[in-house]
Amino acid sequence: MIEIAVISALIIAIGVTFLCVKVIFRRNGSFTSQHIHDSQAMRERGIHCVLDQDRELRQRNRLAVEEREKK
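Before going into details, it helps to say that this report is about the structure given with it. (Residues numbered from 1 in each chain as written. Predicted model: local features only at pLDDT ≥ 70, side-chain atom pairs only at ≥ 80, totals over all residues. Heavy atoms only, no water.)

Here we take up the pattern of salt bridges. For side chains bearing opposite charge, pairing can occur when the charged atoms are close. Applying the stated rule across the entire model yields two salt bridges. The closest approach of N and O atoms between Asp-52 and Arg-55, which form a salt bridge, is 2.8 Å. Taken as a pair, Asp-52 and Arg-55 lie in helix α3 (residues 50–70) at a separation of three residues, close to a single helical turn. We note a salt bridge from Arg-58 to Asp-54, for which the minimum N-O separation is 2.9 Å. One end of the pair, Arg-58, and the other, Asp-54, are both in helix α3, four residues apart, so they sit about a helical turn from each other. (Salt bridge = Lys/Arg side-chain N within 4 Å of Asp/Glu carboxyl O. Helix = DSSP H or I, 4+ residues; strand = E, 2+ residues; numbered from the N terminus.)

Rendered as structure tokens:
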């Protein structure tokens, strides 16, 4: 049981070390944004994050309801 805990802690420590290499060893190192709306390639393809897509759909539906009410 103790061996499993030690091995697990070692694997987690190695993972954290690999994640921090860029931040630790580069001057002004930081993690890049992982958000879809920050990716130029995704924007060029017209791919948006779920929140943006939901907002657009709600806006379209609201406008459709307003147009139906005018008739």
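Okay, the environment of Cys-20 next. Counting through the fold element by element, Cys-20 comes out in helix α1 (residues 2–25). Residues Cys-20 and Ser-30 lie 10 residues apart in sequence; the distance between their C-alpha atoms is 9.1 Å.

In this section: α1. The terminal C-alpha atoms of α1 lie 33 Å apart, and with 24 residues this matches the ideal 34 Å at 1.5 Å per residue to within 8%. Along α1, the helix axis deviates most sharply at Leu-19, where the bend reaches about 40°. (Expected span 1.5 Å × (residues − 1). Bend = angle between axes of the 7 residues up to and from the residue.)

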